[in-house]
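Tertiary structure, described
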Amino acid sequence: MKQHKLARPTPSRFRRYWTLAPGKVFLNHGSFGACPRSVLQLQRELRRQMEAEPVQFLWRRYEERLEPARAALARLVGARPQDLVFVTNATTAINAVARSLNFRAGDELLSTNHDYNACRNVLAETATRAGAKLRVAQAPFPLHREDDVVEAVMGAVTSRTRLALVDHVTSDTALIFPVARLVRELEARGVDTLVDGAHAPGMLPVNLTKLCPAYYAGNLHKWVCAPKGAAFLWAREDKQASLQPAVVSHGNNRPRPGYSSFQDRFDWAGTFDPTPWFCVGEAIRCMGGLLPGGWPELRQRNHQLTVKARQALCRRLELAPPCPEKMLGSMATLALPGRFQGALKSGKIDREQLRLYDEFGIEVPFVRAGLPERRCLRISAQIYNSLAEYEYLAEALRAL
Ligand SMILES: Cc1ncc(COP(=O)(O)O)c(C=O)c1O
């Protein structure tokens, strides 16, 4: 394997708070996040306690650790604790919602061409079982204005549309969708909205009480930097009674005093490791304590680094930015230069993506997106990254 001579860039001074592999240029926080040392330390201690006294930890005193985590999450996402339940990931939350609803033949479910494949599959499967139809709204990419998204989604609504899945931040195209407008306009047409907020908590300010969709799913292992296995489902009060978790367990007939039946059903999904959930408060505290301005400063810093990184890549590779800066959070997707276009997908990971890792130590995902479809790459910016890392990526792409 060829090792190139380009000097490896220095990450930011915050990298020492993470356990990321030395020498690797990690520009893919968006896929699975990365958990800071202090959170991992707490998780190790919690696991020690769990194995020392499994029954105390998992049963008798379970709620003592769950409730502070739920309260901390509720503060972060502007929600009432009673409307929030933990799940292990966003896919599980989307499954719970879609599989709880009774659709009939002729009903329509709506998604967009920017949605996440796994979540689209959940809707497709749900529609097939009910004899309903899945309609996929086509929003452009590149795009110039948020209105392009709103027009595409609203233009695909019919009198039969029952549920719309809209992303808060899209995965492959890394766009902030105008979810407040979408929720308002969809609700006005009588359509319930399931917001896929897998990337939003920690990347954007989220206020669920204000947004008030029918359902909202969010991941906590990505931009909140909790351990893998921490995610949540929020449901508006009038929607909670009909929701069942993806895995049914004790909660259906074992009410606990002080808990909503929604929480009873979701808080226990069979024996598992709840330490990722119990670490959510520490993750929120740790990330919010890295900068004097707390979470707002962290989000702003990551956004500004994304904008600068995208500018640097566009300049060095002569690329046109495919969306306005205000539609970016802390990720950005760019179409690769012309010489990369046209190659067919031949495996799980593109050849050039593998070469970036093997020859330059860069972890960055390649995706296919847009109308017409183009080969793109998506960068992420977390506080441990530096601008020099994206400049190095640009040089590596030029050298490929
Ligand atoms: C928009 C979006 N939705 C859902 C998911 C699924 O997340 P998970 O694999 O944690 O369930 C992802 C994962 O990257 C995503 O980007």
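1. Some details on the site of the ligand
Every one of the 14 residues lining the ligand counts as a neighbour, but Thr91, Asp196, His199, Asn219 and Lys222 are closest to it. Contacts to the ligand include Asp196, whose side-chain N or O atom sits 2.6 Å from a nitrogen atom. In this structure, Lys222 approaches the ligand through a side-chain N or O atom, which is 2.5 Å from an oxygen atom. When the residues that make up the shell around the ligand are grouped by side-chain class, the tally is 5 nonpolar, 6 polar and 3 charged.

2. Quick word on the packing of helix α13 (residues 294-317) against helix α15 (residues 387-399)
Direction vectors running N to C along α13 and α15 enclose 25°, while the axes themselves pass 9 Å from each other. In this view, α13 runs roughly parallel relative to α15, as classed from their interaxial angle. The hand of the α13/α15 crossing is right-handed. For the pair formed by α13 and α15, the contact residues are Leu305, Lys308, Ala309, Ala312, Leu313, Arg316 and Leu317 on the first element and Leu387, Tyr390, Glu391, Leu393, Ala394, Glu395, Leu397 and Arg398 on the second. In terms of residue class, the contact of α13 with α15 is built from 10 nonpolar, no polar and 5 charged.

3. Comments concerning the sheet that holds strand β5 (residues 161-167)
As summarised here, the arrangement of the 7 strands in space is β2-β8-β7-β6-β5-β3-β4, forming an open sheet in which the pairing is mixed. Sheet topology places β2 (84-87) and β4 (133-137) at the edges, where each strand pairs with a single neighbour. The average angle at which neighbouring strand axes cross in this sheet is 20°, direction not considered. Where strand β3 (residues 108-112) meets β5, 3 bridges bridge the pair, whose relative direction is parallel. Paired with Glu108 across the two strands is Thr161, which belongs to β5.

4. Looking at the pairing of β2
The side-chain alternation of β2 yields two buried faces, one formed by Leu84 and Phe86 and the other by Val85 and Val87. Note that β2 and strand β8 (residues 231-235) share 4 bridges and pair antiparallel. Along β8, the bridge assignment pairs Val85 with Leu233.

5. A short note on the sheet that holds strand β9 (residues 331-335)
Read across the sheet, 3 strands follow the order β9-β12-β11 without closing on themselves; strand pairing throughout is antiparallel. Bordering the open sheet on either side are β9 and β11 (366-369), each of which pairs with just one other strand. Each neighbouring strand pair of the sheet contributes to a mean axis angle of 40°, computed without reference to strand direction. Two elements, β11 and strand β12 (residues 374-380), share 4 bridges in a ladder whose sense is antiparallel. By the bridge assignment, Phe366 is partnered in β12 with Leu377. The sheet strands contacting α13 are β9 and β12, and the helix crosses β9 at an angle near 15°.

6. Some details on α13
Taking 1.5 Å per residue, 24 residues should reach 34 Å; α13 reaches 34 Å between its end C-alpha atoms and fits that length. One or two residues past the end of α13 sits Glu318, with phi positive at roughly 55°.

7. Notes on the pattern of salt bridges
In the structure shown here, the tally under the stated rule is 31 salt bridges. Two residues, Arg80 and Asp83, come together in a salt bridge whose shortest N-O distance is 2.8 Å. For the salt bridge of Arg316 with Glu395, the shortest nitrogen-to-oxygen distance reads 3.0 Å. Of the two residues, Arg316 is situated in helix α13 and Glu395 in helix α15; the sequence distance between them amounts to 79 residues. A single salt-bridge network, built from bridges that share partners, covers Glu63, Glu67, Arg70, Arg256, Asp264 and Asp267.

8. A closer look at the nonpolar core
Judged by nonpolar contacts, the single largest core of 110 residues is most densely connected at Leu356, Ile362, Leu393 and Leu397. Element by element, the count of residues in this core is highest for α13, at 8 residues. The contacts of Leu356, once residues within four sequence positions are left out, are Gly361, Ile362, Val364, Phe366, Leu393, Ala396, Leu397 and Leu400. Ala96, Leu194, Tyr215 and Ala231 belong to the second-largest nonpolar core, a separate cluster that totals 27 residues.

9. Describing helix α6 (residues 117-130)
Residues spaced three or four apart along an α-helix point in a common direction, a consequence of the helix completing one turn every 3.6 residues. Between its terminal C-alpha atoms α6 stretches 20 Å, which fits the 20 Å expected from 14 residues at 1.5 Å a residue. Cys119, Val122, Leu123, Thr126 and Ala127 are the residues of α6 that are buried. Within α6, the buried residues cover an arc of 125° as seen down the axis, which keeps them to one side. In α6, those exposed residues whose orientation departs by more than 90 degrees from the buried face are Asn117 and Thr128. Those residues of α6 that are buried lie in contact with α5 (90-100), β3, β4, β5 and β6 (192-197). Gly131, located one to two residues past α6, shows a positive phi value of around 70°.

10. Quick look at the packing of aromatic side chains
Taken as a whole, this structure holds 13 aromatic pairs when the rule is applied. Centroid distance Tyr216 to Phe232: 6.1 Å. Interplanar angle 10°. Geometry classified as stacked. Separated by 16 residues along the polypeptide, Tyr216 in strand β7 (residues 215-219) and Phe232 in strand β8 bring together distant segments of the chain. Of the two residues, Tyr216 and Phe232, neither departs from the other in class, the shared state being buried. A connected cluster of aromatic rings, assembled from ring pairs, spans Phe57, Trp59, Tyr62, Phe86, Trp268, Phe272, Trp277 and Phe278.

Basis of the calculations
Residues numbered from 1 in each chain as written. Predicted model: local features only at pLDDT ≥ 70, side-chain atom pairs only at ≥ 80, totals over all residues. Heavy atoms only, no water. Near = heavy atom within 4 Å. Polar contact = N/O pair within 3.5 Å; in protein donor to acceptor, adjacent residues only side chain to side chain. Nonpolar A, V, L, I, M, F, W, Y, C, P; charged D, E, K, R; others polar. Axes fitted to C-alpha atoms, helices over the stretch in contact; angles between N-to-C directions. Helix = DSSP H or I, 4+ residues; strand = E, 2+ residues; numbered from the N terminus. Parallel < 35°, antiparallel > 145°, perpendicular 65-115°, else oblique. Left-handed = near helix turned anticlockwise from the far one by under 90°. Contact = heavy atoms within 4.5 Å. Pairing = 2+ DSSP bridges. Buried < 20%, exposed > 50% of the residue type's maximum accessible area, 1.4 Å probe, protein only. Expected span 1.5 Å × (residues − 1). Salt bridge = Lys/Arg side-chain N within 4 Å of Asp/Glu carboxyl O. Core = buried A, V, L, I, M, F, W, Y, C linked by side-chain atoms within 4.5 Å. Arc of directions from axis to C-beta. Phe/Tyr/Trp six-rings, centres within 6.5 Å; stacked < 30°, edge-to-face > 60°.

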